[in-house]
Amino acid sequence: MQFGRGKPAAGAFFDSDFQTVDSLLAVALLHGLQGKSECRVAIVTVSRNSLKVAGYVDMVERFYRGPAAVFAQVPPPGMITTGDGGVVSPGLTEPFAKKKADGSPLFVNRVARVLDTGDPSTLIRNYLQAQYEKSSYFVLAGRATNLAAALDFKGVKDLLKERSSHLVIAGVESFSADPAAARKVLAEWPTPVTFVPGEVGKAIPFPASAVEKDFPANTPDHPVAAAYAAWQAMPYAAPTTALAAALYATRQKETYFKAETGTVLVGADGKVSFVASASGKHTQLSVDPAQRDKVLAAYVELATAKVVPPQRFRPAAADAAKPPADPVKFPPKP
Amino acid sequence: MIMKKALPRRAFLRGVGTAAIGLPFLEAMAPAMTPAAKAPVRMAFFYVPNGMMMDSWNPTYEGKLTEMPRILKPLEPFKDDILHIGNLTHNTGRALLDGAGDHGRCSGSYLTGVQVKKSLVEIKNGVSFDQIVANKIGKDTRFPSMELGMEDARQAGDCDSGYSCAYTNNLAWRSETQPLPPVLDPRALFERMFGSGQPMTPEEKSRQSKYRRSILDFVTDDTHKLQATLGPTDRRKLDEYLSSIREVERQIERAEKDNAQIDPKMDKPYGVPADFAEHFKMMSNMMAIAFQADQTRIITFLMTREGSSRPYRELGIPDGHHPLTHHRNQADLMEKVRLINTYHIQQFAGFVEKMKTTQEGDGSLLDNCMLIYGAGLSDPNAHLHEDLPTIMVGKGGNYFKTGRRVMARRETPMCNLFLTMMDRMGAPVDDFGDANGRLAGMDLPGLELA
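Just so it is clear, the structure is predicted and the values come from calculations on it, not from any experiment. Along each chain, residue indices are assigned from 1 in the same order as the chain's sequence is written. Here the convention is simple: chains get letters from A, ligands get numbers from 1, in the order in which they are written. It should be noted that, the model being predicted, local features are given only for residues of pLDDT at least 70 and side-chain atom pairs only at 80 or more, the latter also being counted only at that level, while totals for whole chains, interfaces and linings use all residues.

A word on the overall build of chain A
- On a plain count of helices and strands, chain A comes out with twelve helices and nine strands.
- Three classes are used. A residue is buried when 20 or more other C-beta atoms lie within 10 Å of its own, exposed when 12 or fewer do, and partly exposed in between, with C-beta atoms placed from the backbone. Within chain A, the proportion of its 334 residues that are buried is 49%.
- When contacts within chain A are restricted to residue pairs at least 6 apart in sequence, long-range pairs at least 24 apart make up 83% of them. Here a helix means four or more residues in a row that DSSP labels H or I, a strand means two or more in a row labelled E, and each is numbered from the N terminus. Placing a C-beta atom from the backbone of each residue, one calls two residues in contact when those atoms lie within 7 Å.

Brief notes about the sheet that holds strand 9 (residues 298-302) of chain B
All names here are of chain B.
- Paired strands, in this sense, are two strands between which DSSP finds at least two bridges. One open sheet holds the eight strands; their spatial order is 4-16-5-15-14-3-9-6, and the pairing between them is mixed. Single-partner strands in this sheet number two, and they are strand 4 (63-64) and strand 6 (146-149).
- The sheet contact formed by strand 6 and strand 9 spans four bridges and is parallel. Following the sheet pairing, Leu 148 is matched in strand 9 by Phe 301.

What to know about the domain arrangement of chain B
All names here are of chain B.
- Split by domain assignment, chain B resolves into domain 1 (1-38 + 190-271) and domain 2 (44-184 + 299-444).
- At the junction of the two partners, domain 1 supplies six residues and domain 2 supplies seven residues.
- Of the residues contributing to the side of domain 1 that touches domain 2, the split by class is two nonpolar, one polar and three charged. Note that the domain bounds were set by an automatic or database domain assignment. Note on residue classes: Ala, Val, Leu, Ile, Met, Phe, Trp, Tyr, Cys and Pro are nonpolar, Asp, Glu, Lys and Arg are charged, and everything else, Gly too, is polar.

Describing the sheet that holds strand 2 (residues 40-46) of chain A
Residues and elements named next belong to chain A.
- Reading across the sheet, the nine strands line up as 3-2-1-4-5-6-9-7-8 and stay open at both edges, with mixed pairing between neighbours. Taken across any chain shown, the strands that pair with only one partner, and hence form the sheet edges, are strand 3 (78-79) and strand 8 (272-276).
- Relative to strand 3, strand 2 is paired through two bridges, and the arrangement is parallel. Residue Thr 45 lies in a different strand from strand 3, and its bridge partner there is Gly 78.
- Strands in contact with helix 6 (residues 179-188) are strand 6 (193-196), strand 7 (257-266) and strand 9 (282-287); relative to strand 7, the strand with the most contacts, it is inclined by about 125 degrees. Axes here refer to lines fitted to C-alpha atoms; in helices the fit is confined to the stretch in contact. Angles between the N-to-C directions go from 0 to 180 degrees.

Brief notes about the pairing of strand 9 of chain A
- Relative to strand 9 of chain A, strand 6 of chain A is paired through three bridges, and the arrangement is parallel. Looking at the pairing, Thr 194 of chain A lines up with Thr 283 of chain A of strand 9 of chain A.

Overview of the confidence of the model for chain A
- Within a predicted model, pLDDT stands for the predictor's per-residue confidence, ranging from 0 to 100. Here chain A averages 90 in pLDDT, while 89% of its residues score no lower than 70.
- A low-confidence stretch, residues 314-334 of chain A (pLDDT under 50), is modelled with 26 contacts involving residues beyond four sequence positions or located in other chains.

Quick look at the environment of Phe 301 of chain B
All names here are of chain B.
- Here Phe 301 lies in strand 9.
- Taking C-alpha positions, Phe 301 is 19 Å from Ile 137, a pair spaced 164 residues apart along the chain.
- Apart from residues lying up to four places away in sequence, Phe 301 is in contact with Ala 44, Phe 45, Phe 46, Tyr 47, Leu 148 and Gly 149.

Thoughts on the packing of helix 4 (residues 186-194) of chain B against helix 8 (residues 276-292) of chain B
Residue and element names in this part refer to chain B.
- Orientation of helix 4 relative to helix 8, taken along the N-to-C sense of each, is 15 degrees, at an axis distance of 10 Å. Between helix 4 and helix 8, the angle is such that the two are roughly parallel. In terms of crossing hand, the pair formed by helix 4 and helix 8 is left-handed. Touching Pro 186, Leu 189, Phe 190 and Met 193 of helix 4 are Met 282, Met 283, Met 286 and Ala 290, all from helix 8.
- Looking at the contact of helix 4 with helix 8, its residues break down into eight nonpolar, no polar and no charged. Angular relationships are summarised with four words: roughly parallel below 35 degrees, roughly antiparallel beyond 145, roughly perpendicular across 65 to 115, and oblique for the angles in between. Handedness of each helix crossing follows the sense of rotation of the near helix against the far helix: counterclockwise by less than a right angle gives left-handed, clockwise gives right-handed.

In structure tokens form, the structure reads like this:
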């Protein structure tokens, strides 16, 4: 959160219940984009009351932030503390059973209780305060409970208007699991909202070969690859709705998808529909067959990219080796 | 003034001139007080700069405090009176979009919970919560609040990367633009508390001191009259109290004498002793008296200013405090910072002992206090603003379950603690700073403050 040398890349806020494996891939993709300085992953919040999920998310964030964590605080995983956590995929727990050659755990879970997590709304507020004007965006992949709560948290709506540019919602199945929250976010979110229907994810599935070859080739012992492999029996190709949302949210200028203006509706039964209209306040994406290969290549390249810890904005690496100059000037003599 | 039935809580021993000495809580006052006859709750903040060596501050366990961490060892005799709170955060101390200047921000926002404006001229902060409390209850005491310190109190100039010294050198803010500079000089504080007329030059003070009698001499008549009406317990309490005032007087006189011998041109107020520990002892003795006599219920104390580069030669450390804290994980530098951190706590422990051994009602003065000791940074090497080193000493009127290490949820705003303290001080507000609730009452495991 220390910036001093120019304006950094836009901050990415990712919220998910991590019910589907593409949510993990989306986190990996955002970090891949961060490695190319196209965004900065601000925080990841969990919309499920599950320490297991929060523990996995925290571990992945630490994995990506690496040694830079000394100077760039690793925010705690935001986690909702109400509701039923539900069944947690083995993909989120089995990686912790992996061992190094010396028998020590390959990945360490530091989340043992609620106190090890943060309140999602507070985190969203705090990290929005660190964003420049219109220089952040949100990706939602799961139930909208956290984002709906944040809208009612003091100051957040104004901060969103000022500091955030857009929200992209991945239409994964659980998006409407909290229909009231989904409707609230669709109605009140103060920036443009784009919806990525599940069909987009199904049309361009993530290849198992990328998990088996690309991940280990770039980064051995990758926690997202481990989770993918444990999610269900390999090989399988997972839908990529959350990946599409994260990619579109970050590379807004690319023509990866077709876009249509209209209104996204959430029925009383939780069913999501889209009504096209020029006056609608939402945008819905669809697959552009001509871009399919390009999109898939971007998914694989970015999600499996070699891990590049976030760069410090001050001091530069070359300066870090020198004894630090005392930033506190002595008070002037009277 | 002497009453046969009951003494009012705000009775004074008055003498000639402006001399006036408030009284401690005496049994003879009980009938005059509310039916509950409860002593008031007081709060004080002891701010230390440049963060803390957290590896020697945080216990490795939670729950009942047993063996204290190295820095806190001097407080071990009082561990049952301590609430060691983990994970409190001041987001407003972070850079947000303002770049360098963590020291300027963290002290400026410490009690306000507001992101201060980065400027040397256009000072802008918020009202600190101690002043919100002072506005509400300050009318009940002679001084609504006291602002004290031990180092540099200048208000202008650049003290950190474009942040005015007003942010680093003050804790209390009466308004967005008006800080309340701390009193550094023990003599000035003494005279403020007990009265002595107009400010004088050092020469005038020196001349006067030749003929000076104790402030107690001016109130002898009143003292004798009062003593005659008191029971043995109250009489002993009054004797101890007046003795402590006399002791402070002697300390100040000694310091003034020593200062004159050491360096008459020293760049310090006349009555400020050269010795750090002695200076702290004088100031803290007067704080204890101020609380004991209910002269004030709110004190903010800036041990040294944020970003201070004071050397600690008394510990064999000629290096400046702040440069040392950027230790780059060098063991020798880290050790020096630990020694400084511990030295500060040693001074504070002396004050805690004084509070603990001062009887009030059925318990101690400490029981009715909330003494917060802490810093606006945790790891100073990385300038972190989360898990700020924070202990509360005292039970806040036998309210807090002390003797424990408790953890708040990560990123819990420090302002949550302030909201809770405002409740205890009888000045509740709905919201403050960036709080997201009160600390007490959060239904989270491990955090049952009350």
